[in-house]
Amino acid sequence: MCAYDYDVYHDCCPTRLVLERLADKWALLILDRLKHGPQRFNSLKRDIKRVTQKVLTQTLRKLERDGLVSRTVHATAPVTVEYALTPLGQTLTDTVSALTHWAELNMDAVLAAQTAYDSAAQQAAVQAASVHRMGTRALSPTSPA
């Protein structure tokens, strides 16, 4: 089925592999950095804080394999390598930018929601423990009837 009709909800559909790649934080950050033009490897590494050389290399290779990024080697001393978005990769710039910058714009709301959720979960756990202790005391053979 997936060979002809792509259906992202079908387990064998190759679109899931593309979504998996695009859902990677490093891939999103690289794609967003490349939207303004070609970048050298060290420039990307410097701009994307905490990405390791290994992860950056692996992610760039995967994006290149998917046809989203091109790699150009310039015969200079030392050799210069630049990465750029391909025409296919450029079709993602608005989407990637919207997603990455959505996180920046809405982080306070996300943090507030996380705090509220964690607080409610903690209160529920305390109540459940209290009920459990009360039930244990009521069933204890040494408790007064």
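Position numbers for residues count from 1 along each chain, tracking the sequence in the order it is written. For a predicted model such as this one, the threshold for reporting local features is a pLDDT of at least 70, and the threshold for listing and counting side-chain atom pairs is 80 or more; totals across whole chains, interfaces and linings nevertheless cover every residue. To obtain the side-chain values, all non-hydrogen atoms of the structure were included, while hydrogens and water were left out.

**Student:** Any details on the overall build of the chain? Residues and values, ideally.
**Tutor:** A run of H or I in DSSP becomes a helix once it reaches four residues, and a run of E becomes a strand once it reaches two; helices and strands are each numbered from the N terminus. In terms of helices and strands, the chain carries six helices and three strands. Starting at the N terminus and walking to the C terminus, you meet the elements of the chain as α-α-β-α-α-β-β-α-α. Contact criterion: two residues are considered in contact whenever any of their non-hydrogen atoms come within 4.5 Å of each other. Counting contacts in the chain only where the partners sit at least 6 residues apart, residues at least 24 apart contribute 41% of the total. On the chain, roughly 10,800 Å² of surface is accessible, and the fraction owed to carbon and sulfur atoms is 58%. Here the accessible surface of atoms and residues is derived via Shrake-Rupley with a 1.4 Å probe, and residues count as covered only by protein chains that are part of the display.

**Student:** Which residues make up the sheet that holds strand β2 (residues 69-74), and what values do they have?
**Tutor:** Strands qualify as paired when DSSP identifies two bridges or more between them. The three strands are arranged β1-β3-β2 in an open sheet whose pairing can be described as antiparallel. Each end of this open sheet is capped by a strand with a single partner; those strands are β1 (39-40) and β2. Note that β1 and strand β3 (residues 80-85) share two bridges and pair antiparallel. The residue of β3 that forms the bridge with Arg-40 is Glu-82.

**Student:** Mind laying out the pattern of salt bridges, listing which residues take part and the relevant values?
**Tutor:** A side chain of one charge can pair with a side chain of the opposite charge when the charged atoms of the two come close. Should a side-chain nitrogen of Lys or Arg be within 4 Å of a carboxyl oxygen of Asp or Glu, the pair is scored as a salt bridge. Within this structure, the stated rule accounts for three salt bridges. For the salt bridge of Asp-32 with Lys-35, the shortest nitrogen-to-oxygen distance reads 3.2 Å. According to the relative accessible area criterion, Asp-32 is buried, its value standing at 14%. Close ionic contact of Arg-33 with Asp-47 constitutes a salt bridge, the shortest N to O distance being 3.8 Å. Relative accessible area decides the class of each residue, using a 1.4 Å probe on protein chains only: under 20% of the type maximum gives buried, over 50% gives exposed, and in between gives partly exposed.

**Student:** So, the packing of helix α2 (residues 25-34) against helix α4 (residues 53-65): which residues are in play, and what are the values?
**Tutor:** Only the stretch in contact is used when a helix axis is fitted, and all axes are lines through C-alpha atoms; the angle between N-to-C directions ranges over 0 to 180 degrees. Relative orientation of the contacting elements α2 and α4 amounts to 75 degrees, with a least axis distance of 10 Å. When the axes of α2 and α4 are compared, the pair comes out roughly perpendicular. Across the interface between the two elements, Trp-26, Ala-27, Ile-30 and Leu-31 from α2 touch Val-55, Leu-56, Thr-59, Leu-60 and Leu-63 from α4. In terms of residue class, the contact of α2 with α4 is built from eight nonpolar, one polar and no charged. Should an angle fall under 35 degrees it is called roughly parallel, over 145 degrees roughly antiparallel, and 65 to 115 degrees roughly perpendicular, with every other angle called oblique. Gly counts as polar in this scheme, as do all residues outside two lists: the nonpolar Ala, Val, Leu, Ile, Met, Phe, Trp, Tyr, Cys and Pro, and the charged Asp, Glu, Lys and Arg.

**Student:** Can you explain the nonpolar core? Please cite residues and give values.
**Tutor:** Only buried residues count toward a nonpolar core, which is a set of Ala, Val, Leu, Ile, Met, Phe, Trp, Tyr and Cys residues joined through side-chain atoms within 4.5 Å. Core analysis: the biggest nonpolar cluster contains 21 residues, and Leu-31, Leu-60, Val-69 and Tyr-83 have the highest contact counts within it. Those elements that provide at least two residues to this core are α2, α3 (41-47), α4 and β3. Looking at this core element by element, the count peaks at six residues for α2.

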